[in-house]
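Examination of the molecular architecture
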Amino acid sequence: MKYHALMTADKGLNTPSTNPCRLLEFGFLKLAAGETYTSQSGERELLAVLLGGRADFDVDGKCFEKIGERPNVFNGKPHSVYIPAKSRFTITAASAVEIALPSAPSDLEIEPYVISPSQVANGVWGAANFKRYYHQILTLASQPELPARRLTVGETFTPSGNWSTYPPHKHQVDDLPREAYHEEMYFFKVYPGDGFGICHYYNEEGEEENFTLRDNSIHMMPRGYHTVVSAPGYTTYYLWFLAGNQRVQGAVDDPQVGWVNKTVAMLKELGH
């Protein structure tokens, strides 16, 4: 089993060398100022998340200019552009730019649109040494006015030494409201860039794996429990994106450690 990869960071579109997911796909686009990338979405919807830098977008003749303002993922909320299925699009770098391109199958016929930083919800999950900070970019819960067929997208920032996605959870069957089937991927950045973290993955079939996450690595999860920890001295970031039969989210904690969630309110009262 190997559901992770260190992605290349060459100019142009970079994709994982393998992909166990049925619905989700991912591209990491890196362009120098003035360079362009042209493609078609086909039967898929894409969300172009500006990781750093600025770019102009032309989606079937609809133009969005100078999208993006943060220099990197650790400095502010993102701009994003939703690219519908059956679209031809061109991205032109207004500066050196890095763009994440998660995608999923879609039959939704809508116009492209921009998600501005002011539309991105933010907050804190967990407490104490499993506290982490999030941005919700395209979710049914925080952005119900923004249409999408399958994609759910956000960002998580895990401080030095802290755990994230903790307690570990899974979302592999449709049993709403308790659990919803969603594939998921994490695309990681690390600050400082030479740092690392650890990702722990396991499932009920007995598969289990720990791997070292590095800058520009990706974890692909068609099923199973997962959790992340940052090495002391380093902050880890991951862009998380999901796709399933619907966009209602439902996750089930590992029953052996799920009790930790019950301590959050008490820890917050104690100032943790």
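This text goes with the structure placed above it.
Below, the structure is looked at part by part. Per chain, the residues get numbers from 1 upward, laid out in the order the sequence is written. Reporting in this predicted model follows two pLDDT cut-offs: at least 70 for local features of residues, and 80 or more for side-chain atom pairs to be given and counted; totals over whole chains, interfaces and linings ignore these cut-offs and use all residues. Just so you know, side-chain values use all the structure's heavy atoms and leave hydrogens and water out.

1. Here we look at the pairing of strand β19 (residues 217–221)
Our working definition: Throughout this description, buried means an accessible area under 20% of the type-specific maximum (1.4 Å probe, protein chains only), exposed means over 50%, and partly exposed covers the range between. Working definition: helices are DSSP H or I runs of at least four residues, strands are E runs of at least two. Numbering for both runs from the N terminus. Note on pairing: two strands pair once DSSP finds at least 2 bridges between them.
Counting buried residues along β19, 5 of its 5 residues qualify, which places the element largely inside the surrounding structure. Residues Ser217, His219 and Met221 of β19 are buried on one face, and the alternating residues Ile218 and Met220, pointing to the opposite face, are buried as well. Relative to β19, strand β1 (residues 4–6) runs antiparallel, the two sharing 3 bridges. The residue of β19 that forms the bridge with Leu6 is Ser217. Where strand β16 (residues 182–191) meets β19, 4 bridges bridge the pair, whose relative direction is antiparallel. Across the sheet, Met185 pairs through a bridge with Met220, a residue of β19.

2. Some remarks on the environment of Thr92
Operational definition: Only heavy atoms enter the contact rule, under which two residues are in contact if any of them lie within 4.5 Å.
Tracing the chain through its elements places Thr92 in strand β9 (residues 88–93). Residues Thr92 and Thr36 lie 56 residues apart in sequence; the distance between their C-alpha atoms is 4.3 Å. Excluding its chain neighbours within four sequence positions, the residues that come into contact with Thr92 are Gly34, Glu35, Thr36, Ala55 and Asp56.

3. A closer look at the sheet that holds strand β3 (residues 25–31)
Formally: Each axis is a line fitted through C-alpha atoms, taken for helices only over the stretch in contact, and angles between the N-to-C directions span 0 to 180 degrees.
Spatially, the 6 strands line up as an open sheet ordered β2-β3-β10-β5-β8-β11, and their pairing is antiparallel. Two strands in the sheet have a free side with no partner beyond their single neighbour: β2 (12–14) and β11 (113–115). Recorded for the sheet is a direction-independent mean angle of 25 degrees between the axes of neighbouring strands. Sheet analysis places β2 next to β3, joined by 3 bridges and oriented antiparallel. Within the sheet, the bridge partner assigned to Gly12 lies in β3 and is Lys30.

4. Comments concerning a nonpolar patch on the surface
Stated formally: Like-charged residues are merged into a patch within 9 Å and nonpolar side chains (Val, Leu, Ile, Met, Phe, Trp, Tyr) within 5 Å, provided each residue has over 30% relative accessible area and no salt bridge. Under the convention used here, a 1.4 Å probe and the Shrake-Rupley method define accessible areas, while residue burial counts only the protein chains that appear. Here, a salt bridge means any Lys or Arg side-chain nitrogen found within 4 Å of an Asp or Glu carboxyl oxygen.
On the surface, Leu140, Leu176 and Val248 cluster together into a nonpolar patch covering about 230 Å² of accessible area. Relative to the assigned elements, Leu176 resides in the loop between β15 (163–170) and β16.

5. Topic: the nonpolar core
Just so we agree on the cut-off: Joining through side-chain atoms within 4.5 Å is the link that ties buried Ala, Val, Leu, Ile, Met, Phe, Trp, Tyr and Cys residues into a set, and such a set is a nonpolar core.
Ranked by internal contacts, the top residues of the largest apolar core, which has 33 residues, are Phe26, Leu47, Leu138, Val153 and Leu239. For this core, the element with the most residues is strand β21 (residues 235–244), which contributes 4 residues. Excluding residues that lie within four positions of it along the chain, Phe26 makes contacts with Met7, Asn14, Thr15, Pro16, Ala100, Leu101, Pro102, Met185, Phe187, Ile218, Leu239 and Phe241. Residues Tyr37, Leu46, Ala48 and Phe64 belong to the second largest nonpolar core, which totals 19 residues.

6. Brief notes about unusual backbone geometry
The amide bond that connects Tyr166 to the next residue, Pro167, takes the cis arrangement and shows omega of 0 degrees. You can see Pro167 is positioned in strand β15. With an omega of -10 degrees, the peptide bond between Tyr191 and Pro192 qualifies as cis. One can find Pro192 in the loop between β16 and β17 (197–202). For Asp60, which is not a glycine, the phi torsion comes out positive at approximately 50 degrees. Checked against the element boundaries, Asp60 lands in the loop between β6 (55–59) and β7 (62–67). Positive phi, close to 50 degrees, is recorded for Ala128, a residue that is not glycine. Structurally, Ala128 can be placed in the loop between β12 (121–125) and β13 (132–138).

7. Some details on the environment of Leu50
Examined against the element boundaries, Leu50 turns out to sit in strand β5 (residues 44–52). Residue Leu50 is classed as buried on the basis of its relative accessible area, which comes to 1%. Each C-alpha atom, one on Leu50 and one on Ile67, is 7.8 Å from the other, the two residues being 17 residues apart in sequence. Those residues in contact with Leu50, other than ones at most four positions away along the chain, are Ala55, Phe57, Ile67, Gly68, Arg70, Pro78, His79, Val97, Glu98 and Ile99.

8. Concerning the environment of Asp215
This is how the line gets drawn: N or O atoms closer than or at 3.5 Å make up a polar contact, with two conditions inside protein: a donor-capable atom paired with an acceptor-capable one, and, for residues adjacent in sequence, both atoms drawn from side chains.
Among the structural elements, Asp215 can be located in the loop between β18 (208–213) and β19. Its relative accessible area of 26% is what places Asp215 among the partly exposed residues. With 25 residues separating them along the chain, Asp215 and Val190 place their C-alpha atoms 5.0 Å apart. Apart from residues lying up to four places away in sequence, Asp215 is in contact with Leu6, Phe188, Lys189, Val190 and Gly193. Within the structure, Asp215 has its side chain in polar contact with the backbone nitrogen of Val190 (distance 2.9 Å).

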